[in-house]
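Notes for the structure review
So the chains spell out like this:
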Amino acid sequence: MPTFRNPVLPGCHPDPSVCRVGEDFYLVTSSFAYHPGIPLFHSRDLVRWTQLTHVLDRPGLPLDGLDTSDGIWAPTIRHHDGTFYVVSTLARNRRGELTFVVTADDPAGPWSDPVPLEAEGIDPSLFFDDDGRCWLTACRDAPEDGPGELWMRELDLDRLKLVGPTHVLWRGAVRGAWVEAPHLYKRDGVYHLIAAEGGTESNHSVTAARAGAVTGPYVTDPRSPLLTHRHRDPGEPIQNVGHVDLVDTPDGETWAVALGVRPIEGTHTLGREVFLVPVTWSARGPVFAPESGGVRLSERLPSIASEHPVSSGPPVTSELPISSGPPIAPEPALASELPVASGPPVAPGPPITPEPSNTSEWPDDSGTAGRTSFDPPGLEWHSLRGPVGDRVRPSSSGTGLTIDLGPEPLSSTGVPSFVARRQQHVRFHARARIAFAATHPSEEAGLAVFQNQDHHATLALTVDADGRPQVVLTVREAGTSTRLASAPVTGGEAVLLAVEADETGYAFRCSDGTQWISLGTIERSLFSSERAGGFVGVRLGLYGTSNGRPSEGRAHVHWFDYDPAC
Ligand code: 6LW
């Protein structure tokens, strides 16, 4: 029997929302402080997704100064009467600041500028009733119960304005338990309000209420939670499941997209990913993952699986592995491991002597597996808090990328000269060939493993206080940067920078053509959401900074590649 593998969208793609037009499915996810915002994907089978565009493809909403996990939260996509609508919220300090709607005739764009809506809170959604009226639902704090309260107002589609009274719909199956992410569906004359509850971590769950009229009164579905993994062993591979959106296939089946995480020994680094869940309907409402029980009887709570059999569901022809791209040849193991210490801010000090690894082979520079072409930059690349503009651009030589050093370091909340893509696999190799001649120790350019402004690691080309070229490995944890190791390299030459990750850590090394040098391994959990806080997963990026000093510095990235190593 054909199967598909969950997650269907690996890496940081939280808060998925999906709609269907004919045979085409469209999905959007949160983008937080990254630009462009709100990636939009297309699929014909709900399993294989291809990114079409970004809904927020140009500057408009102010992201400058934001923590990496603030910004654009929980978009909902809907299609009605020939128009696509996306509603979402700009969040600051973990609170909704501005809810907005954007529209397009074609999901590939162009999308309109954001139109602000007078909507309090976060997680807006749209529901089109049979009479063509459009209702916006969202969540906000409840006056006495704290978080949260689901509310609704009519959206005038001609003026894109909220009109009429606010209807308070529901305060969740458990009051004060962060009811959020409401989506409304009508089935056999009944309005089903499906929400998330328990917070987006280990207590996350799907709960529901229903009503006979769109504005209520809504009554808690006593089966709540309808889907959760909070009862599962914390060692199981999929956790924190919730925040669903439902869609019907042309054949009348229902599927849900949900967010979930894949922790290892209690921490996850990839962020919240998109899982596909089969849904059936009973007289009482939706039943999630019916093959695993589908009833709320202690241990028989439904759960979702990493590998689903597909009966007559999405037309999947064969098992789809999580990884893409050809396998790459095994490489020599790293020679040394350096513990991560929290310590004083970075100061030029005596370098830790790196250990050469046991090969003198010049690393393969000719293959193309996973290699990124930067012309034009692929849709998987993004920057922080706005466009980097000309500071990071395809090189005029026609290959590679030129990075003009910016004053902002990665620890800032500005727009550093930094472009990044998601880490989508626990095990991967990423390599870049970079030429950069620093003229001052404050100038650096290289590879970054980036969780947020206070938790990241850099492997960078720079110079020491005497102007000698070197590669330096630096880790930043809880806002304190520590230089872990350095290795001298030949001046003026391109250098290979590499990071390799597995279930335990991220190992960093470099080569200037003579041999690989290991600079150290950083424990994986340092980059986890559990240690770093917030809502995002790890990015792998290329950057250049002068750390606040005026600089004409410029780095050239010949190529970058990312290969799943599973
Ligand atoms: C999202 C909300 C949430 O808007 O996290 O904890 C927010 N729950 O549903 C960001 O992903």
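Quick caveat, the model's predicted, so the values are computed rather than measured. (Residues numbered from 1 in each chain as written. Predicted model: local features only at pLDDT ≥ 70, side-chain atom pairs only at ≥ 80, totals over all residues.)

Bringing the overall build of the protein into the picture now. Each helix and strand in the protein was counted, giving one helix and 39 strands. For the protein, buried positions account for 51% of its 566 residues. Pairs at least 24 residues apart make up 59% of the contacts formed inside the protein by residues separated by at least 6 positions. (Helix = DSSP H or I, 4+ residues; strand = E, 2+ residues; numbered from the N terminus. Buried ≥ 20, exposed ≤ 12 C-beta atoms within 10 Å, placed from the backbone. Contact = placed C-beta atoms within 7 Å.)

Every one of the 14 residues lining the ligand counts as a neighbour, but Trp 73, Ala 74, Glu 180, Thr 200 and Phe 535 are closest to it. At the level of secondary structure, the elements contributing two or more residues to the shell around the ligand comprise strand S7 (71–80), strand S11 (122–128) and strand S15 (180–187). In terms of residue class, the shell around the ligand is built from seven nonpolar, four polar and three charged. (Near = placed C-beta within 6 Å. Nonpolar A, V, L, I, M, F, W, Y, C, P; charged D, E, K, R; others polar.)

Looking now at the confidence of the model for the protein. For the protein, mean pLDDT is 87; residues scoring 70 or higher make up 84% of the total. Low pLDDT, under 50, characterises residues 293–301; the predicted model gives this stretch eleven contacts beyond four residues in sequence or across chains. Note on residues 311–354: pLDDT is under 50 here. Beyond four places in sequence and across chains, it has 93 contacts. (pLDDT = per-residue confidence, 0-100.)

So, on to the pairing of strand S20 (residues 239–248). Counting buried positions over the ten residues of S20 gives seven, a clear majority of the element. In the sheet, S20 pairs with strand S21 (residues 254–261) via six bridges, with the strands oriented antiparallel. For Gly 242, the partnering residue across the bridge sits in S21 and is Leu 259. (Pairing = 2+ DSSP bridges.)

Formed by 149 residues in total, the largest nonpolar core has its most connected members in Leu 193, Val 277, Val 471 and Cys 510. Both domains that furnish three or more residues to this core are identified here as domain 1 (15–230) and domain 2 (355–564). (Core = buried A, V, L, I, M, F, W, Y, C linked by C-beta atoms within 7 Å. Domains from an automatic or database assignment.)

With an omega dihedral of 5°, the bond running from Gly 109 to Pro 110 counts as a cis peptide bond. By the secondary structure assignment, Pro 110 is in the loop between strand S9 (95–104) and strand S10 (115–117). The residue after Gly 216, namely Pro 217, is reached through a cis peptide bond having omega 5°. By the element assignment, Pro 217 lies in the loop between strand S17 (205–211) and strand S18 (219–220). One non-glycine residue, Asn 93, lies in positive phi territory at about 50°. With respect to the helices and strands, Asn 93 occurs in the loop between strand S8 (83–92) and S9. In the Ramachandran plot, Asn 547 falls in the positive-phi region, its phi being about 50° despite a non-glycine side chain. Among the secondary structure elements, Asn 547 is positioned in the loop between strand S38 (539–545) and strand S39 (554–564).

Turning our eyes to something else, we now look at the domain arrangement of the protein. Along its sequence, the protein is organised into domain 1 (15–230) and domain 2 (355–564). Between domain 1 and domain 2, the residue contacts involve 15 residues of the former and 15 residues of the latter. Partitioning the side of domain 1 that touches domain 2 into residue classes produces seven nonpolar, six polar and two charged.

Before going further, it helps to examine the sheet that holds S7. Spatially, S7-S8-S9-S10 is the arrangement adopted by the four strands of the open sheet, whose pairing is antiparallel. Two strands close off the open sheet at either side, each with one partner strand: S7 and S10. The mean inter-strand angle of the sheet, taken between neighbouring strand axes irrespective of direction, is 25°. Pairing of S7 with S8 involves eight bridges; the strand directions are antiparallel. Bridged to Gly 71 within S8 is Ala 91. (Axes fitted to C-alpha atoms, helices over the stretch in contact; angles between N-to-C directions.)

Looking now at the sheet that holds S20. Strand order in the open sheet formed by four strands is S20-S21-S22-S23, and the pairing between neighbours is antiparallel. What marks the edges here is a single partner per strand, and that holds for S20 and strand S23 (285–288). Strand-to-strand twist across the sheet, computed as the mean angle between neighbouring axes with direction ignored, equals 35°. Bridge count for S21 against strand S22 (residues 273–282) is seven bridges, and the pairing is antiparallel. If you follow Val 257 over to S22, its bridge partner there is Leu 276.

Here the focus is the environment of Leu 473. Relative to the assigned elements, Leu 473 resides in strand S33 (residues 469–477). When the 28 C-beta atoms within 10 Å are taken as the criterion, Leu 473 is described as buried. Taking C-alpha positions, Leu 473 is 9.3 Å from Leu 461, a pair spaced twelve residues apart along the chain. Aside from chain neighbours lying at most four places away, what touches Leu 473 is Ala 457, Leu 459, Leu 484, Ala 485, Phe 508, Leu 519 and Gly 520.

Okay, the environment of Thr 399 next. One can find Thr 399 in the loop between strand S27 (392–394) and strand S28 (401–404). Overall, Thr 399 belongs to the partly exposed group, with 13 C-beta atoms counted inside 10 Å. Taking C-alpha positions, Thr 399 is 6.6 Å from His 558, a pair spaced 159 residues apart along the chain.

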